Amino acid sequence: MTTRADPRLDLSCETSGLQPRPPGTFEVLAQEPGSPARAGRLWTAHGPIDTPCFMPVGTYGAVKGLDADDLREVGAQIILGNSYHLGHRPGSARVAALGGLHRMMAWDRPILTDSGGFQVFSLRGLQKIDDAGVSYQTHFDGSRHRMTPESVLATQAALGSDICMILDHCPPADAAPALIRAAVDRSTRWAEEAARRRGEILQPGQLCFGIVQGGTDVALRREHLKALADLPFEGLALGGLSVGEPIPEMHATMAAIGPEMPANRPRYVMGIGTPHDLLAAVSSGIDMFDCVMPTRHARNGQLFTFSGRLNIRQSRFRDDDAPIDAACRCRCCARYSRAYLRHLHEQNEPLYGRLATIHNLYFYQQWVGALRRALRSGRFEALRGEFSSIISKVYADAGAADGNVDEGAGAVHSAPEPA
């Protein structure tokens, strides 16, 4: 790939000056000819979200090490919180008494919260599932609790989330077909109950998304999608992906089901992923996605660039006075060297995690923003072809982020050109 002139773009929201529209309004602004890929805009009670969009994960009501100003600076339009964790610590009633999650965080943009079901189903041996919900012991202190379709909505209502995810049963990737079928049937019943009760539980303006399960069984996914499509949800998500299944199967599932999800509502894939996963998702018509990868891997020394991964732990960076990426405009790259970052990481200095997280999230927002702008200008296929040689090659598998910088990364490649 040839090096381009620096096209780094403003990562602020692209929605200034728009007339507000009711929460739940979704507009398809551009559709790639002959492709499911599209750009859109979803309106929430805290403003619009331009799609495709990537949501940084703030499990406990904070993206680790960053404050609201940092998140705006890297281009985050919406962040994700975890209602299981927040519902227990500090507790949804306490959050509500303090003015809601937005006020606590000093974050005036949208927040999506998941149901917490994934965390509960991960507590193998500490939970018991029945058709009405899940009884479980927390991993915090072993205290016993009950989770139902109604209770997870009540928790999110108290948190003040803009987008509330329903309770679903997410089985592991290696689950037997009979268990996956049972999880789909149970998730359907819970979705129907959530749809029936949401009006009396959620606050005005809070949106609610359903979740399609079925593993990598495309026929079962289609069956579940059909069961949920007519329920009164403002959006639908694909859950139960990126939970251990082979990456090609995950991408094939998105490619098969994404285009069949209702076109007039936002489509969300939960818990993905690598830059390559995001490209595959957008190519499948997906609008929203989230993952801990850019933040977690930043703390573990893995830094993302358009030329590949950089492992700051390597000794060869000890005396390297260059920034992570010479073309990057993030605060970290503008001020600090690889040598300094390596030193901070080696000394377990908290500043390292802050700077590295700023860089990785800036990279993610820049990549998704480039896809969004390319869709709006009719250049998506051209951009995908231009960057697949690096994005798909270097970030193709889930374990890639543990590797080293790509050998071709000595000359830093610029980000996608403005569309």
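The protein appears in an unreviewed UniProt entry as Queuine tRNA-ribosyltransferase from Nannocystis pusilla. Note on the protein: under the UniProt heading Sequence similarities (unreviewed entry), the record states "Belongs to the queuine tRNA-ribosyltransferase family." UniProt lists a comment for the protein under the heading Pathway (unreviewed entry), and it reads "tRNA modification; tRNA-queuosine biosynthesis."

Enquirer: Explain unusual backbone geometry here, please?
Expert: Negative phi characterises most residues that are not glycine, and trans characterises most peptide bonds. Following threonine 51, the chain continues to proline 52 via a peptide bond in cis, the omega torsion being 0°. Relative to the helices and strands, proline 52 resides in the loop between β3 (47-51) and β4 (53-55). A cis amide bond links isoleucine 272 with the next residue in sequence, glycine 273, at an omega value of -10°. Of note, glycine 273 is situated in the loop between β13 (267-269) and α9 (275-283). A positive phi angle is found at alanine 106, which is not glycine, with a value near 55°. By the element assignment, alanine 106 lies in the loop between α3 (101-105) and β6 (111-114). Phi angles above zero are rare outside glycine, and serine 242 is one such case at about 60°. Turning to its location among the elements, serine 242 is positioned in the loop between β12 (235-238) and α8 (247-257). Using a relative accessible area of 36% as the deciding quantity, one classes serine 242 as partly exposed.

Enquirer: I'm lost on the packing of α9 against helix α14 (residues 380-394) in this one. Help?
Expert: A pair of packed helices is captured by two measures, namely the crossing angle of their axes and the spacing between those axes. Running from amino to carboxyl end, α9 crosses α14 at an angle of 155°, the nearest separation of the two axes being 10 Å. Accordingly, the angle class assigned to the pair α9 and α14 is roughly antiparallel. Relative to α14, α9 is oriented so that their crossing is left-handed. Across from Pro275, His276, Leu279, Val282 and Ser283 in α9, the residues of α14 making contact are Phe380, Arg384, Ile391 and Ser392.

Enquirer: Help me out: how do you make sense of the UniProt feature "active site" (unreviewed entry) in the protein in this one?
Expert: UniProt tags Asp114 and Asp290 as "active site" (unreviewed entry). Separation in sequence by 177 residues is not matched in space for these annotated residues, since their most distant C-alpha atoms are only 10.9 Å apart. The topology assignment puts aspartate 114 in strand β6. Looking at aspartate 114, the relative accessible area reads 11%, which means it is buried. Setting aside residues no more than four positions away along its own chain, aspartate 114 makes contact with Leu80, Gly81, Asn82, Ser83, Gln119, Gln156, Met165 and Met270. With respect to the element layout, aspartate 290 can be found in strand β14 (residues 288-290). The exposure class assigned to aspartate 290 is buried, which follows from its relative accessible area of 7%. Among residues more than four places away in sequence, those in contact with aspartate 290 are Phe54, Met55, Val57, Leu80, Tyr268, Val269, Met270, Gly271, Ile272 and Gly273.

Enquirer: Help me understand α8 in this model?
Expert: Since the α-helix turns once every 3.6 residues, residues separated by three or four places project in the same direction. Burial in α8 covers these residues: Ile247, Met250, His251, Thr253, Met254, Ala256 and Ile257. Looking at the packing, one finds that the buried side of α8 touches α7 (218-229), β12, β13 and α9.

Enquirer: Can you walk me through the sheet that holds strand β2 (residues 38-44) in this structure?
Expert: Each strand in a sheet pairs with another by means of backbone hydrogen bonds, the pair being arranged parallel or else antiparallel. One open sheet accounts for 3 strands, arranged β1-β2-β3; its pairing is antiparallel. Where the open sheet ends on each side, the last strands, each with one partner, are β1 (26-31) and β3. Here the average twist between neighbouring strands, direction ignored, is 15°. Running at roughly 110° to β2, helix α13 (residues 350-376) makes contact with β1, β2 and β3 of the sheet.

Enquirer: Teacher, can you tell me more about the UniProt feature "binding site: Zn(2+)" (unreviewed entry) in the protein here?
Expert: Sites flagged by UniProt as "binding site: Zn(2+)" (unreviewed entry) map to Cys328, Cys330, Cys333 and His359. The largest pairwise C-alpha distance within this set of annotated residues, which runs over 32 residues, is 8.5 Å, so the set is compact in three dimensions. Assignment of secondary structure puts cysteine 328 in the loop between β16 (308-311) and α11 (331-335). As for its position among the elements, cysteine 333 is in helix α11. When sequence neighbours within four positions are dropped, the list of residues in contact with cysteine 333 reads Pro323, Ile324, Asp325, Cys328 and His359.

Enquirer: How should the packing of α13 against α14 be read in this particular structure?
Expert: With their axes 8 Å apart at the nearest point, α13 and α14 run at an angle of 155° to one another. With respect to α14, the axis of α13 lies roughly antiparallel. Here Trp367, Ala370, Leu371, Ala374 and Leu375 of α13 lie close against α14, whose contacting residues are Phe380, Leu383, Phe387 and Ile391. Partitioned by chemical class, the residues of the contact of α13 with α14 number 9 nonpolar, no polar and no charged.

Enquirer: Explain the state of the cysteines here, please?
Expert: Each disulfide consists of one covalent bond between the sulfur atoms belonging to two cysteines. Within this structure, the stated rule accounts for 0 disulfides. Cysteine 208 provides the cysteine sulfur closest to cysteine 164, a residue in no disulfide bond, and the two sulfurs are 6.3 Å apart. Judged by relative accessible area, which is 0%, cysteine 164 ranks as buried. Free of any disulfide, cysteine 291 has its nearest neighbouring cysteine sulfur in cysteine 170, separated by 14 Å. A relative accessible area of 11% places cysteine 291 in the buried class.

Rules and cut-offs
- Residues numbered from 1 in each chain as written.
- Predicted model: local features only at pLDDT ≥ 70, side-chain atom pairs only at ≥ 80, totals over all residues.
- Heavy atoms only, no water.
- UniProt positions renumbered as here; feature names shortened; annotations may be inferred.
- Helix = DSSP H or I, 4+ residues; strand = E, 2+ residues; numbered from the N terminus.
- Buried < 20%, exposed > 50% of the residue type's maximum accessible area, 1.4 Å probe, protein only.
- Axes fitted to C-alpha atoms, helices over the stretch in contact; angles between N-to-C directions.
- Parallel < 35°, antiparallel > 145°, perpendicular 65-115°, else oblique.
- Left-handed = near helix turned anticlockwise from the far one by under 90°.
- Contact = heavy atoms within 4.5 Å.
- Pairing = 2+ DSSP bridges.
- Nonpolar A, V, L, I, M, F, W, Y, C, P; charged D, E, K, R; others polar.
- Disulfide = S-S within 2.5 Å.

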